[in-house]
Amino acid sequence: MKKYLADSQWFSLVSLVVAIIAIWYVAALIMNGNQLINTLERKKQDWTYSQVMQQAYQVKRPMLPAPHQVALELKKSVFERSVSSKRSLLFHSFITLNSTLLGFVFGSILGIVIAIGIVHNKTLDASLMPWVIASQTIPILAIAPIIVVVLGALNITGVVPKAIISMYLSFFPVTIGMVKGLRASDTLHQELMYTYNASAIQTFWKLRWYSAQPYLFASLKVAIAAALVGAIVAELPTGAQGGLGSRLLSGSYYGQTEQIWAALIMAALLGSLLVWLVSVAERALLKRRGGLANA
């Protein structure tokens, strides 16, 4: 039965991927075909639909590159370039990864500290939580240039401004998840701790922290993906010379759509890898404490 379910899941996944690629090719044919027709008509050259279909996937600087064009760009920029080359996607990925991880660590610590304060202090719960929620209504594209300018005036440049922007996006899910988790401990267990005359610190470490761990890891998966988005967004207005955001920006400037799509796919793969690593850590922790990982 398990083998049948596994085979069914793989079939569904493969079918979905094939459908996406097919739709992608059709969309590329339509968009690039129209681009080619406009170019030929502007040059007052005759064209036929068969000619358009043959040349639609060979257009220089296409509006929508076909999957094989993106794959070739990935192959060239990942495997055929030196890692130290500024044309290598691995080079730019490592730069983005540095600010992502730093912002993720800062955001996680900040989120946990805020959550602990909110759970153990009713004043903070009433006053701070609305501000935490309101902070996420401000567009990150509006905040990023302000942070860069202010920190630049303080001679703080490089990874730190990007990490702070990543932290801004990543602390929120950790805060919300930890507040929920710290309040999720069973009432009977709390009363048992009171019966044993446990201190607030003992109750926190032996009960609340334990019950909050599944919620924490669920929020960390969201947070690390948000941190990656924050790092990429931070590289757009900063004029960074490296990073996936810089790669997207340069591709947009010069009309290199294959470069843009290759950077987007690399960012998606990097995000998937980071979320998977958090899942591995979650399974290891739950296995150690005798539970079963659901993720």
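Here the structure is shown first, and the text comes after it.
Residues numbered from 1 in each chain as written. Predicted model: local features only at pLDDT ≥ 70, side-chain atom pairs only at ≥ 80, totals over all residues. Heavy atoms only, no water.

As for the overall build of the protein chain
Working step 1: A tally of regular secondary structure across the protein chain gives eleven helices and zero strands.
Working step 2: For 295 residues, the compact-globule estimate of 2.2 N^0.38 gives 19 Å, and the C-alpha radius of gyration of the protein chain, at 25 Å, exceeds that figure by more than 25%.
Working step 3: In terms of its C-alpha atoms, the protein chain occupies a principal-axis envelope of roughly 90 × 65 × 35 Å.
Working step 4: Split into buried and exposed, the 295 residues of the protein chain put 39% on the buried side.
Working step 5: Of all intrachain contacts in the protein chain linking residues separated by at least 6 positions in sequence, the fraction that spans at least 24 positions is 72%.
Working step 6: Per element, the accessible surface of the protein chain, about 17,500 Å² overall, is 67% carbon and sulfur. (Helix = DSSP H or I, 4+ residues; strand = E, 2+ residues; numbered from the N terminus. Rg over C-alpha atoms; globule rule 2.2 N^0.38 Å. Buried < 20%, exposed > 50% of the residue type's maximum accessible area, 1.4 Å probe, protein only. Contact = heavy atoms within 4.5 Å. Areas by Shrake-Rupley, 256 points an atom, 1.4 Å probe, with all protein chains shown as cover.)

Regarding the packing of helix α5 (residues 122-135) against helix α7 (residues 159-182)
Working step 1: As a packed pair, α5 and α7 sit with axes 10 Å apart at the nearest point and diverge in direction by 140 degrees. One element, α5, and the other, α7, form an angle in the oblique class. With respect to the hand of their crossing, α5 and α7 are arranged in left-handed fashion. Contacts between α5 and α7 involve Met 129, Val 132, Ile 133 and Ser 135 on the former and, on the latter, Tyr 168, Phe 171, Phe 172, Thr 175, Ile 176 and Val 179.
Working step 2: The residue inventory of the contact of α5 with α7, partitioned by class, reads eight nonpolar, two polar and no charged. (Axes fitted to C-alpha atoms, helices over the stretch in contact; angles between N-to-C directions. Parallel < 35°, antiparallel > 145°, perpendicular 65-115°, else oblique. Left-handed = near helix turned anticlockwise from the far one by under 90°. Nonpolar A, V, L, I, M, F, W, Y, C, P; charged D, E, K, R; others polar.)

Some points on the environment of Thr 100
Working step 1: By the element assignment, Thr 100 lies in helix α4 (residues 89-120).
Working step 2: Note on Thr 100: relative accessible area 0%, which makes it buried.
Working step 3: Distance in space between the C-alpha atoms of Thr 100 and Ala 163 is 6.3 Å, their sequence separation being 63 residues.
Working step 4: Once residues within four sequence positions are removed from consideration, Thr 100 is found in contact with Ser 166, Ile 224, Ala 227, Leu 228, Ala 231 and Leu 274.

Some details on the packing of aromatic side chains
Working step 1: Inspection of the entire model under this criterion finds six aromatic pairs.
Working step 2: Residues Phe 204 and Trp 205 carry aromatic rings whose centres are separated by 5.1 Å and whose planes lie at 80 degrees to one another, so their mutual orientation is edge-to-face.
Working step 3: On the basis of relative accessible area, Phe 204 is assigned to the buried category, the value being 8%.
Working step 4: Residues Phe 204 and Trp 209 carry aromatic rings whose centres are separated by 6.1 Å and whose planes lie at 40 degrees to one another, so their mutual orientation is tilted.
Working step 5: Within the aromatic cluster, the residues linked to one another by ring pairs are Phe 204, Trp 205 and Trp 209. (Phe/Tyr/Trp six-rings, centres within 6.5 Å; stacked < 30°, edge-to-face > 60°.)

As for a nonpolar patch on the surface
Working step 1: A contiguous nonpolar surface patch, about 560 Å² in accessible area, is contributed by Trp 10, Leu 13, Val 14, Val 17, Val 18 and Ile 21.
Working step 2: Topologically, Val 17 is positioned in helix α1 (residues 2-42).
Working step 3: Note on Val 17: relative accessible area 41%, which makes it partly exposed. (Patch = residues over 30% accessible without salt bridge, like charges linked within 9 Å, V, L, I, M, F, W, Y side chains within 5 Å. Salt bridge = Lys/Arg side-chain N within 4 Å of Asp/Glu carboxyl O.)

Keep in mind these values describe shape, not function.
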